[in-house]
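# Per-entry structural report
If you want the building blocks of each chain, they are given just below.
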Amino acid sequence: QYNKAIAARPNEASYYYGLGTAYQSKNDLQEALKNYQKASSINPQEPTFKQAIKQVNQAQAAPLVESAIKKQTTPDPAGKYDLARAIADYEAALKLDDDAGTHLNLGTAYQADNNPTRATSEYKRALQINPNLADAHYYLGTIYDTNKQIPAAISEYQKYLKMAPNGASATDTRERLKLLGRK
């Protein structure tokens, strides 16, 4: 039905959106995305079309993020974590959906892989997308702390505690601040 409607009125964005939802309900995410993008190109002011594109991108990225988390957190029989493949999966997911949480996770993978420069970049990118991501401040604090950048570490730890006073890392953060000479 949508294809007939599109043939009759090819510049009607809502028809492409409808076709996109039909494809999405059949879990054909590629065709859904193509139709949502066409609807958005016809009517770029419509937020519903952009949200539908975001949802499809998130759905496509989710299995990659799940795979990356598993590789990063599950040791092999020798007790090693597959950080290189976790990083590759996170980066592939970010090509589909530029998400703050995925940048944060990628940062933790880089940090675990002893690459503080890349980790720092990912934490900062996560905060650009979502300034309220408290854990990014905590992890930035740990990098600055390790690198003896004490004022920067204190600043990040304080931001973390302000945002998440009862967060998972709050006790550790308070201890680090005491050791660094600040409460």
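In the block above lies the structure referred to throughout.
Reading the values: the criteria
Residues numbered from 1 in each chain as written. Predicted model: local features only at pLDDT ≥ 70, side-chain atom pairs only at ≥ 80, totals over all residues. Heavy atoms only, no water. Core = buried A, V, L, I, M, F, W, Y, C linked by side-chain atoms within 4.5 Å. Buried < 20%, exposed > 50% of the residue type's maximum accessible area, 1.4 Å probe, protein only. Helix = DSSP H or I, 4+ residues; strand = E, 2+ residues; numbered from the N terminus. Contact = heavy atoms within 4.5 Å. Salt bridge = Lys/Arg side-chain N within 4 Å of Asp/Glu carboxyl O.

So, on to the nonpolar core. Core analysis: the biggest nonpolar cluster contains 33 residues, and Tyr90, Tyr123, Leu133 and Tyr160 have the highest contact counts within it. At the level of elements, helix 4 (47–73), helix 5 (83–96), helix 6 (100–112), helix 7 (116–129), helix 8 (134–146), helix 9 (150–163) and helix 10 (170–179) are the ones that each hand at least two residues to this core. Sorting elements by how many residues they give to this core places helix 8 first, with six residues. Ignoring anything within four residues of it in the chain, the contact list for Tyr90 reads Val65, Ala68, Ile69, Gln72, Thr102, Asn105, Leu106 and Ala109.

Across all of its chains, the model carries 10 salt bridges by this definition. Of the charged contacts, one joins Lys71 and Asp89 as a salt bridge, the two residues approaching to 2.6 Å between their closest N and O atoms. Taken together, the residues Lys71 in helix 4 and Asp89 in helix 5 connect sequence positions 18 residues apart. When its relative accessible area of 13% is taken as the criterion, Asp89 is described as buried. Among the ionic pairs, Arg118 bridges to Glu91, the shortest N-O distance being 3.3 Å. Note that Arg118 is positioned in helix 7 and Glu91 in helix 5, a separation of 27 residues in sequence.

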